[in-house]
Amino acid sequence: MYDQLTGELTWHVDMAGYEIIETENLGSAQQTNLDANFYRPDKQEAYYARRGAVRAKGGELRSYKPSIDAPGLARRLAGLYDEDPLLNRPTDADVLDFVSRYGLLSAGTEMPIRDVIYTSKYLYLFSVAIDSADKHRARQLFNERVLPTITVRLVGSKTGRPTANWTLEPKPTDLISAAWLQMAQELTHGKSLKKCAAPDCLEWFPERTNKRFCNNRCKMAFRNAQKHQQSD
Ligand SMILES: [Zn+2]
């Protein structure tokens with residue numbers, strides 16, 4: 001939820017976990033605002049709709065701030081998708097893994113898997129364009145197709161001292177718009193991101209020269225794996 005007093009988006013994760021449920025029909029009531037408008041072929045739409053919905057189990061909530069705690073959110077979501085239709089990614093397990101770490105993409109206690117798939121797919125297309133140095137086309141596409149639900153905040157001095165130099169900052173209002181805002185930053189002057197070097201980790205973080213892992217746990221896991229290889 002966007003906190004108007006602090007200007008920060010705080011997002012919640014159900015600590016009891018999430019489950020996949022079958023849904024009779026995904027009507028307009030379950031239409032997530034994806035912030036992005038791409039052509040959706042009927043056949044694919046029907047196929048994705050059969051994947052059901054992901055629902056919070058209704059436990060206690062853990063909260064975090066996506067702008068601080070999840071700088072690699074857009075890339076993490078993009079990484080759920082795979083172009084190979086046989087792999088059927090994101091799988092249900094991929095989706096559950098993602099939401100138990102970051103929560104659902106939009107407000108509420110459930111959302112169609114279909115909308116997680118679309119979001120990961122669209123973000124994937126942009127990340128491919130960035131990685132293949134085709135930012136120009138991706139920027140045009142962003143303007144044509146993406147309409148993030150963001151709000152704007154007036155920002156003065158960080159110290160609280162009076163200043164005449166106020167600026168404005170776009171602020172996301174849900175997790176989907178937080179991801180799109182990150183993608184917009186990557187498409188302009190934002191920091192580039194780097195994938196964690198640990199073998200099983202899918203996380204991304206803002207690039208710094210000698211940082212290779214998203215956290216110390218991954219660093220240890222990587223070193224341990226190397227030690228094992230050497231002793232084999
Ligand atoms: Zn990692």
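Notes on the structure in this doc start here. Keep in mind that this is a model prediction, so the values were computed, not measured.

## Describing the overall build of the chain
Scanning the chain from N- to C-terminus turns up eight helices and eleven strands. Relative to the globule expectation of 17 Å for 232 residues, the C-alpha radius of gyration of the chain, 19 Å, shows essentially globular dimensions. Taking the principal axes of the C-alpha coordinates as reference, the chain spans close to 60 × 55 × 45 Å. Taken across its 232 residues, the chain has 31% of its residues classed as buried. For the chain, the share of sequence-separated contacts (at least 6 apart) that also reach a separation of at least 24 residues comes to 70%.

## Quick word on the environment of threonine 109
Looking at the secondary structure, you find threonine 109 in the loop between α4 (92-102) and β7 (110-112). By C-beta crowding, threonine 109 is classed as partly exposed, having 13 other C-beta atoms within 10 Å. As for threonine 109 and glutamine 31, which are separated by 78 residues in sequence, their C-alpha atoms are 14 Å apart.

## Observations concerning the sheet that holds strand β4 (residues 18-21)
Taking strand neighbours across the sheet as the criterion, the three strands line up as β4-β5-β7 in an open arrangement whose pairing is antiparallel. Because the sheet does not close on itself, it has two edges, and the strands there are β4 and β7. The sheet shows a mean angle of 20 degrees between the axes of neighbouring strands, taken without regard to direction. When β4 meets strand β5 (residues 53-56), the two strands line up antiparallel, connected through four bridges. By the bridge assignment, tyrosine 18 is partnered in β5 with alanine 56.

## A closer look at the pairing of β5
As a general feature of sheets, a regular strand has side chains that alternate between the two faces. Across three bridges, β5 lies against β7 in antiparallel orientation. Bridged to alanine 53 within β7 is proline 112.

## A few points about unusual backbone geometry
The omega angle of the peptide bond from arginine 89 to proline 90 is 0 degrees, so this bond is cis rather than trans. Phi is positive for asparagine 88, which is not a glycine, with a value near 55 degrees. Tracing the backbone through its elements, the reader meets asparagine 88 in the loop between α3 (73-78) and α4.

## Focus on the packing of helix α5 (residues 113-131) against helix α7 (residues 175-187)
Interaxial distance between α5 and α7 falls to 11 Å at its minimum, and their mutual angle equals 10 degrees. Taken together, α5 and α7 sit at an angle that is classed as roughly parallel. Contacts from Thr119, Leu123, Phe126 and Ile130 of α5 reach α7 at Ile176, Ala179, Met183, Glu186 and Leu187. The residue inventory of the contact of α5 with α7, partitioned by class, reads seven nonpolar, one polar and one charged.

## Some details on the environment of proline 170
In this fold, proline 170 is placed in strand β9 (residues 167-172). Overall, the presence of 13 C-beta atoms within 10 Å leaves proline 170 in the partly exposed class. The sequence separation of proline 170 and threonine 149 amounts to 21 residues, and the corresponding C-alpha distance is 9.9 Å.

## Focus on the environment of arginine 101
By secondary structure assignment, the location of arginine 101 is in helix α4. Look at arginine 101 and you get partly exposed, because 13 C-beta atoms sit within 10 Å. For the pair formed by arginine 101 and histidine 12, sequence separation is 89 residues and the distance between their alpha carbons is 9.6 Å.

## Brief notes about the nonpolar core
Grouped together as the largest cluster of nonpolar side chains are 42 residues, with contacts concentrated most on Val54, Leu123 and Ala179. Every element with two or more residues in this core is listed here: β5, α3, α4, α5 and α7.

Calculation notes
- Residues numbered from 1 in each chain as written.
- Predicted model: local features only at pLDDT ≥ 70, side-chain atom pairs only at ≥ 80, totals over all residues.
- Helix = DSSP H or I, 4+ residues; strand = E, 2+ residues; numbered from the N terminus.
- Rg over C-alpha atoms; globule rule 2.2 N^0.38 Å.
- Buried ≥ 20, exposed ≤ 12 C-beta atoms within 10 Å, placed from the backbone.
- Contact = placed C-beta atoms within 7 Å.
- Pairing = 2+ DSSP bridges.
- Axes fitted to C-alpha atoms, helices over the stretch in contact; angles between N-to-C directions.
- Parallel < 35°, antiparallel > 145°, perpendicular 65-115°, else oblique.
- Nonpolar A, V, L, I, M, F, W, Y, C, P; charged D, E, K, R; others polar.
- Core = buried A, V, L, I, M, F, W, Y, C linked by C-beta atoms within 7 Å.

Worth remembering: the numbers are spatial, not functional.
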